[in-house]
Amino acid sequence: MTPEEEQAQCRTALRALLAKPLLTAENDAAALVLVRRHLTELREWLTRETGWRLTVDSGSARLFKTASDTRDATHPARGKAGEPYGRRRYVLLCLALAVLERADAQTTLGRLAEEVLAAAAEPELDFAFTLDTRPERADLVAVVRTLLDWGVLRRVAGDEDAYLSATGDVLYDVRRPVLAALLTGTRGPSTITATSFEDRLAELTAEPVADTDDLRNQALRRRLTRRLLDDPVVYFADLDDAERAYLVSQRHAIVRRIEEATGLVAEVRAEGIAMVDPDDELTDVRMPEQRTDGHVTLLVAEHLATRGETSMAELRAFVRQAARDHASFWRKGVTDPGAEDGLLATALAKLAALRLVRVTGDTAAGLPAIARYAVDAPVIKGK
């Protein structure tokens, strides 16, 4: 194999880890083979440039990524149909993981439900969950399917739909190596002494403070590389003074290393930097997209690209009119009273996740990168 082919394989392996930080032999066999083949190079690059740990065994590979901003809620976990997790599903996910930590090598969905129900009854949780309604059972099933997708559980027999309709149960293997690799914090949760959620999360994700110039520069490089890999856009205005100064002086070197290792291409503007994927693989939010929601999102982006801060009332009116204009092409029901609320919420959620808009209270404002969606009036040149 030529050096160019080796480099291409290593790049493919790194891209696979960035797109899906938990790879399993059942779901990602080809990618896992490449990661194991290029483990030394991958570990060296990740340690040097990001500080992220990579662990690999015969059945899985786990990249321990850390979020650049723990307050960012624009990229929630999602169910099979793409619906975002709400508070109940997140709590159920945590309770299910706690239950599975003590479970036997095999368990059933019914038994898991009973144990989650018992754990949810702890008074200090302040969490009401009964399994008496179909939506509650559906939330538990959504969590279980997430665990199946992650490889924490392996389905042996049965189907979750049978459990939902109360006509059957499901048997699972519990994969403890994958379960043990889920937490990414730098400290164990049992060592955290803070009481509020925000303070506990800060302690859980805190990193050692660098005490020399070299270590401080290393920490800055790693922090900026993580953001460029993870965030759709890194705006200079969102960086602190030290980060901004370091990125300005080291931009070419940082960007070049990312481009060589991942195949991403830097788009540098006066306001910031975006690492663009020509293959459209390293993202969980795409734009533009087809169908109704994709078209609405593009129209809202064009609208906000030529305006300053805009009220939700104006945006709802804009979407309502757009629904009338495009009713023959969009899905049914878009012109029903109140339909514009859901259409607008979906569009703004996507634009916020892409760092194209900022929603504050009852207004929304386009961020600098949204300018790419501005549409100028056509100019007809004379003959």
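All values derive from a computational prediction rather than experimental measurement.

Student: Quick rundown of the overall build of the protein chain? Include the residues and the values.
Tutor: Secondary structure assignment for the protein chain yields 14 helices and 12 strands. Computed over its C-alpha atoms, the radius of gyration of the protein chain comes to 23 Å, within 12% of the 21 Å expected for a compact globule of 383 residues. Here the C-alpha coordinates of the protein chain stretch approximately 80 × 60 × 50 Å along the principal axes. Out of the 383 residues in the protein chain, the part that is buried amounts to 38%. Taking the intrachain contacts of the protein chain between residues at least 6 apart in sequence as the baseline, contacts between residues at least 24 apart amount to 59%.

Student: Give a detailed account of the sheet that holds strand S6 (residues 170-174), specifying residues and quantitative values.
Tutor: Think of a sheet as strands paired side by side through backbone hydrogen bonds, with each pair either parallel or antiparallel. Pairing in this open sheet of three strands is antiparallel, and the strands run S4-S6-S5 from one edge to the other. Each of the sheet's edge strands pairs with one partner strand only, and the pair in question is strand S4 (106-108) and strand S5 (153-158). Each neighbouring strand pair of the sheet contributes to a mean axis angle of 30°, computed without reference to strand direction. Pairing geometry for S5 and S6, over five bridges, is antiparallel.

Student: Any details on helix H11 (residues 241-262)? Residues and values, ideally.
Tutor: With 22 residues, H11 should reach 32 Å at 1.5 Å per residue; the first-to-last C-alpha distance of 28 Å falls well below that figure. Largest kink in H11: about 75°, centred on Gln250. Looking only at H11, the buried set comprises Glu243, Tyr246, Leu247, Ala253, Ile254, Val255, Ile258, Ala261 and Thr262. Where H11 is buried, its residues meet helix H1 (3-19), helix H3 (39-49), helix H10 (213-230), strand S8 (265-268) and strand S9 (272-276). Sitting at the amino-terminal end of H11 is Asp240, which places a side-chain oxygen 3.2 Å from the backbone nitrogen of Ala242. Immediately beyond the C-terminal end of H11, within one or two residues, lies Gly263, with a positive phi of roughly 85°.

Student: Quick rundown of the environment of Arg155? Include the residues and the values.
Tutor: Its place among the elements puts Arg155 in strand S5. Residue Arg155 is classed as partly exposed on the basis of its relative accessible area of 40%. A sequence separation of 19 residues divides Arg155 from Val174, and the C-alpha atoms of the two residues are 9.1 Å apart. The contact partners of Arg155, leaving out residues within four places of it in the chain, are Leu148, Glu160, Val170, Leu171 and Tyr172. Side-chain polar atoms of Arg155 contact the side chain of Glu160, separated by 2.9 Å.

Rules used in this analysis
Residues numbered from 1 in each chain as written. Predicted model: local features only at pLDDT ≥ 70, side-chain atom pairs only at ≥ 80, totals over all residues. Heavy atoms only, no water. Helix = DSSP H or I, 4+ residues; strand = E, 2+ residues; numbered from the N terminus. Rg over C-alpha atoms; globule rule 2.2 N^0.38 Å. Buried < 20%, exposed > 50% of the residue type's maximum accessible area, 1.4 Å probe, protein only. Contact = heavy atoms within 4.5 Å. Pairing = 2+ DSSP bridges. Axes fitted to C-alpha atoms, helices over the stretch in contact; angles between N-to-C directions. Expected span 1.5 Å × (residues − 1). Bend = angle between axes of the 7 residues up to and from the residue. Polar contact = N/O pair within 3.5 Å; in protein donor to acceptor, adjacent residues only side chain to side chain.

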